[in-house]
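Listed below are the residues making up each chain.
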Amino acid sequence: MSTEEAPVAGWYWTRWPSREGLERDAESRPRRVLTVSGRIVLLAVVGWGTFSDGKYTGWSAAAAAAGLAAAAALCAAYLWAGREQRPVVSYLLVSALVGGAWLANWGKAYTLADFLWIGLAVTALVRLPPAPALLAASAALGSYTAASPTSWLSIGATVGGVTLLGYLLRLDVEARGTARRLLEQERAARAAEAESAALAERARIAREIHDVLAHSLSAQLVHLEAARLMLEGDTDRERIRERVVAARRMAQDGLAETRQALSALRGEFTTVGDFLVELTGRERAVLTVTGTPRPLTAEPGLAVRRTAQEALTNVRKHAPGARCSVELRYLERVVELEVRNSRPSRGQAAGEPAPGELAASGSGYGLLGMRERAELLGGTLLAGPEDGGWRVLLRVPA
């Protein structure tokens, strides 16, 4: 608990009550209506008690009415000063109200005097710091006790009831202030959480778009670099044209995959199995699926898709003509993707790039990106040589 939340005893006696609990918007609408209605009723009761017995006539009635109006103005100013926590103004108005009550009592406006003393005692206990509140309440209730002609039992009951009422109302104010602060903290926490979620979503979308474009551009570079090598080797124009058309198709596929990535983040993409069937068919790889297929959520599904794309692109770059196999395994609580390729083919057709000639194309960050994606999901990615070829193994929770 902080120092402000648990002040020492000396500070407590001069600390103002929770300002949040005194603000008008901290009260519900029915409570505000009840408060305003209660004040109107009290003003009517005080006015009736002052003028109903007919003891004021002529100028005395005008003076009593002026005194009642002045008392109402002082009460309104005192309530405002307490709510705004203006110490000097509040203490001056307390003195003015105690003196005004004695003046009303001297002028035989006993109802007004009693109302001012009792009302001041209650509101002081609610709105002022504990030490000044006790002094103001003691002055008001002491004046009431000295001026009241009733029995000591009645006076004691009144004083005890007023003190208890003021204490309970102060607790209510503190409780409303605490509730208001907690509500503001909750709203701030929710706003921060929503902002954090939005930033995370933006980062995820940026990562997906980056991966799609990196794969698409890398694949285009592979075909364009192959076309360049064919041009230098005087290969048949038709075969060069096939490479350029393939690069163009990769560009189109990249745009389509960008749209698919955005749809995938919304859970609207095709199943991983269907995607791999299409991808391996296009890349002339063998696909095997083991285990019971099940729908994958967006992140694991995208990890499998991107890893398969990157792995097959790497085969095309580093081992053109090699045999390639893709195996998707649905295990308990995890899914595995394994991509293997054999040694590069030794005999290329005329003009075909030799193994390794396309290795310089692309960014060189494919494996790093796949590994980072897997680790973000709590999975792993292993990649390395095997029997003269290459093996990529992705394992992610799903």
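Everything here concerns the structure above.
Computed from a predicted structure; not experimentally measured.

Participant: What exactly am I supposed to notice about the overall build of the chain here?
Facilitator: The number of helices and strands found in the chain is 12 helices and 5 strands. For the chain, the proportion of its 398 residues judged to be buried stands at 36%. In the chain, the proportion of contacts linking residues at least 24 apart, taken out of those at least 6 apart, comes to 70%. Summing over all exposed atoms, the chain offers an accessible surface of approximately 22500 Å²; the carbon and sulfur share of this is 61%.

Participant: Is there a simple way to think about the sheet that holds strand S4 (residues 380-386) in this case?
Facilitator: Hydrogen bonding along the main chain pairs the strands of a sheet, whether they run parallel or antiparallel. Overall, mixed pairing links the 5 strands, which are arranged S1-S2-S3-S5-S4 in an open sheet. Each of the sheet's edge strands pairs with one partner strand only, and the pair in question is strand S1 (286-290) and S4. With strand direction ignored, the average angle separating the axes of adjacent strands in the sheet is 10 degrees. When S4 meets strand S5 (residues 389-397), the two strands line up antiparallel, connected through 7 bridges. Opposite Leu381, over in S5, you have Leu394 as the bridge partner. Lying over the sheet, helix H10 (residues 272-283) contacts S1, strand S2 (324-330) and strand S3 (334-341), oriented at roughly 175 degrees with respect to S2.

Participant: Just checking my understanding: could you explain helix H5 (residues 87-106) for this structure?
Facilitator: Note: α-helices contain 3.6 residues per turn, so residues at a spacing of three or four share the same orientation. Taking 1.5 Å per residue, 20 residues should reach 28 Å; H5 reaches 29 Å between its end C-alpha atoms and fits that length. Residues Ser90, Leu93, Val94, Leu97, Val98, Ala101, Ala104 and Asn105 constitute the buried set of H5. The buried residues of H5 occupy one face: seen down the axis, they fall within an arc of 140 degrees. In H5, those exposed residues whose orientation departs by more than 90 degrees from the buried face are Val88, Leu92, Ser95, Leu103 and Trp106. The first or second residue beyond H5 is Lys108, which carries a positive phi of 70 degrees.

Participant: Even after reading the chapter, I still don't get the environment of Ala139, so can you show me in this structure?
Facilitator: Tracing the backbone through its elements, the reader meets Ala139 in helix H7 (residues 130-147). For the pair Ala139 and Leu120, spaced 19 residues apart in sequence, the C-alpha to C-alpha distance is 9.5 Å.

Participant: Would you mind going over helix H6 (residues 110-127) with me for this structure?
Facilitator: Given a rise of 1.5 Å per residue, 18 residues ought to cover 26 Å, and the 25 Å separating the end C-alpha atoms of H6 matches this to within 8%. Within H6, the full set of buried residues consists of Leu112, Ala113, Leu116, Trp117, Leu120, Ala121, Val122, Thr123, Ala124, Leu125, Val126 and Arg127.

Participant: Help me understand the pattern of salt bridges, please; the structure alone is not making it clear to me.
Facilitator: Close approach of charged atoms allows side chains of opposite charge to pair. A complete count under the given rule lists 12 salt bridges for this structure. Here Arg391 makes a salt bridge to Glu338, at a shortest N to O gap of 2.5 Å. Of the two residues, Arg391 is situated in strand S5 and Glu338 in strand S3; the sequence distance between them amounts to 53 residues. A relative accessible area of 5% places Glu338 in the buried class. For Glu386, the salt bridge is made with Arg391, and the minimal N-O distance between the two is 3.9 Å. For Glu386, a relative accessible area of 27% translates into the label partly exposed. Salt bridges linked by common partners bring Glu327, Arg329, Glu336, Glu338, Arg340, Glu386, Arg391 and Arg395 together as one network.

Participant: Can you help me understand the pairing of S3 in this one?
Facilitator: The two faces of the sheet receive side chains in turn, since in a regular strand these alternate between them. Of all 8 residues in S3, 7 are buried; the element is thus mostly enclosed. Strand direction decides the pairing type here: S2 and S3, joined by 7 bridges, are antiparallel. The partner of Glu327 across the bridge, within S3, is Glu338. As consecutive antiparallel partners, S2 and S3 are separated by 3 residues, and within that stretch Arg333 has a phi angle of approximately 70 degrees, a positive value. Judged from the 8 bridges that link them, S3 and S5 form a sheet pairing that is antiparallel. When the bridges of S5 are listed, Val339 appears paired with Val392.

Participant: For this particular structure, what's the right way to read the packing of H10 against helix H11 (residues 298-318)?
Facilitator: For any two helices packed against each other, one specifies the inter-axial angle together with the distance between the axes. The contact between H10 and H11 brings their axes to 10 Å, and the two run at 10 degrees. Judged by the angle between their axes, H10 and H11 are roughly parallel. Contacts between H10 and H11 involve Val272, Phe275, Leu276, Leu279 and Glu283 from the former and Gly301, Val304, Arg305, Ala308, Gln309, Leu312 and Arg316 from the latter. Here the residues of the contact of H10 with H11 sort into 7 nonpolar, 2 polar and 3 charged.

Participant: Help me understand a nonpolar patch on the surface in this model?
Facilitator: Among the surface-exposed residues, Leu164, Tyr167, Leu168 and Leu171 lie close enough to one another that they form a single nonpolar patch of about 410 Å² accessible area. You can see Tyr167 is positioned in helix H8 (residues 152-232).

Participant: Quick question: what am I supposed to make of the packing of aromatic side chains here?
Facilitator: Describing an aromatic ring pair means giving the distance of the ring centres and the angle of the ring planes. Enumeration over the complete set of coordinates arrives at 1 aromatic pair. Seen from their ring centres, Trp102 and Trp117 are 5.1 Å apart, and the 70 degrees between their planes marks the pair as edge-to-face. In this pair, Trp102 sits in helix H5 while Trp117 sits in helix H6, placing the two residues 15 residues apart along the sequence. Exposure remark for Trp117: the relative accessible area of 0% places this residue in the buried category.

Participant: Looking at this model, I keep getting lost on unusual backbone geometry. Mind explaining?
Facilitator: Among all residues except glycine, the phi angle is most often negative; among peptide bonds, the trans geometry is most common. Its identity as a non-glycine residue notwithstanding, Arg284 has a phi of 60 degrees, on the positive side. Here Arg284 lies in the loop between H10 and S1. For Asp387, which is not a glycine, the phi torsion comes out positive at approximately 55 degrees. Along the chain, Asp387 turns up in the loop between S4 and S5.

Criteria and cut-off values
Residues numbered from 1 in each chain as written. Predicted model: local features only at pLDDT ≥ 70, side-chain atom pairs only at ≥ 80, totals over all residues. Heavy atoms only, no water. Helix = DSSP H or I, 4+ residues; strand = E, 2+ residues; numbered from the N terminus. Buried < 20%, exposed > 50% of the residue type's maximum accessible area, 1.4 Å probe, protein only. Contact = heavy atoms within 4.5 Å. Areas by Shrake-Rupley, 256 points an atom, 1.4 Å probe, with all protein chains shown as cover. Pairing = 2+ DSSP bridges. Axes fitted to C-alpha atoms, helices over the stretch in contact; angles between N-to-C directions. Expected span 1.5 Å × (residues − 1). Arc of directions from axis to C-beta. Salt bridge = Lys/Arg side-chain N within 4 Å of Asp/Glu carboxyl O. Parallel < 35°, antiparallel > 145°, perpendicular 65-115°, else oblique. Nonpolar A, V, L, I, M, F, W, Y, C, P; charged D, E, K, R; others polar. Patch = residues over 30% accessible without salt bridge, like charges linked within 9 Å, V, L, I, M, F, W, Y side chains within 5 Å. Phe/Tyr/Trp six-rings, centres within 6.5 Å; stacked < 30°, edge-to-face > 60°.

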